[in-house]
Amino acid sequence: WMGVTALKTQDSVVGTGLVASAGKSVKVAYTLYFYDGRVASTKGTQLETNTAGYTFTLGTNAVIQGFDQGITGMKLGGKRTITIPASLAYGNAGQNSIPGGAALVFDVELLSVN
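As the structure is a computational prediction, the values presented were derived from the model and not from experiment.

A. Molecular detail of the layout of surface pockets. Of the volumes computed, that of the largest pocket is approximately 320 Å³. Lining the largest pocket are 15 residues, and of these Tyr30, Leu32, Glu48, Tyr90 and Phe106 sit closest to its centre. Of all the secondary-structure elements, those providing two or more residues to the lining of the largest pocket are strand S2 (25-35) and strand S3 (43-57). By residue number, the principal contributor to the lining of the largest pocket is S3, which donates three residues.

B. Summary view of the pairing of S2. With respect to burial, S2 is a largely interior element, nine of its eleven residues being buried. Note: S2 against S3, nine bridges, orientation antiparallel. Residue pairing in the sheet places Tyr30 in a bridge with Asn50 of S3. Pairing analysis gives nine bridges linking S2 to strand S5 (residues 104-113), with the strands arranged antiparallel. Counted as the bridge partner of Val26 is Val113 from S5.

C. View of the pairing of strand S1 (residues 8-13). When you tally the buried positions in S1, you get zero out of six residues, a small fraction of the element. As judged from the five bridges shared by S1 and strand S4 (residues 79-84), these two strands associate in the antiparallel manner. Bridge pairing in S4 links Gln10 to Thr81.

D. Representation of the packing of aromatic side chains in the model. One pass over the full model with this rule turns up five aromatic pairs. Seen from their ring centres, Tyr30 and Phe106 are 5.8 Å apart, and the 65° between their planes marks the pair as edge-to-face. Pair noted here: Tyr30 is in strand S2 and Phe106 is in strand S5, with a separation of 76 residues, a long-range link. For the pair shown, Tyr30 and Phe106 are each scored as buried. Ring centres of Phe67 and Phe106 lie 4.5 Å apart, and the angle between their planes is 50°; on these two criteria the pair is classed as tilted. Of this pair, Phe67 sits in helix H1 (residues 65-71) while Phe106 sits in strand S5, and the two are 39 residues apart along the sequence. Each member of the pair, Phe67 as well as Phe106, is classed as buried. An aromatic cluster is present here, built from Tyr30, Tyr54, Phe56, Phe67 and Phe106 joined pairwise through their rings.

Rules and cut-offs
- Residues numbered from 1 in each chain as written.
- Predicted model: local features only at pLDDT ≥ 70, side-chain atom pairs only at ≥ 80, totals over all residues.
- Heavy atoms only, no water.
- 1 Å grid on protein atoms, 1.4 Å probe; cavity = no way out; pocket = protein on both sides within 12 Å on 5 of 7 lines; lining within 4 Å.
- Points joined across faces, edges and corners; volume = space filled by probe spheres on them.
- Helix = DSSP H or I, 4+ residues; strand = E, 2+ residues; numbered from the N terminus.
- Buried < 20%, exposed > 50% of the residue type's maximum accessible area, 1.4 Å probe, protein only.
- Pairing = 2+ DSSP bridges.
- Phe/Tyr/Trp six-rings, centres within 6.5 Å; stacked < 30°, edge-to-face > 60°.

Written out as C-alpha cells, the structure is:
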C-alpha cells in the first residue's frame, strides 16, 4: 500500500490529437487497480474497469485530484499509466471498497477531448 508519495505518469502510447487541459471535457476508458509494490507492474487487485468511457471536465474537482492531474497533458488517442498516492486519491478516509491510505494505479486511454 505505502511507498507512493508522488503522482507518477508513464505513457505507453503518446497520442497525436488534441491535448487534455483544464476546462476541457474528456472521455477516458480506464482500468483501476490497487497499487502493489511487490509486483513489477505495481498493479495489484483490479477494482474496476470502464471500457465504454467516462466523461468529465478537467480541473473542476469532478474526479480525484490524482486522476485529474494525471490525465492533464495527455493527447487524444494516448494511453497512460497513472500511479496516484493516497493523498491525491481518497486520503486517510477511503471510500467504498477503497480503504484509507490506499495508493491507486489507473491504466487510461484518452478517447475524446472537447
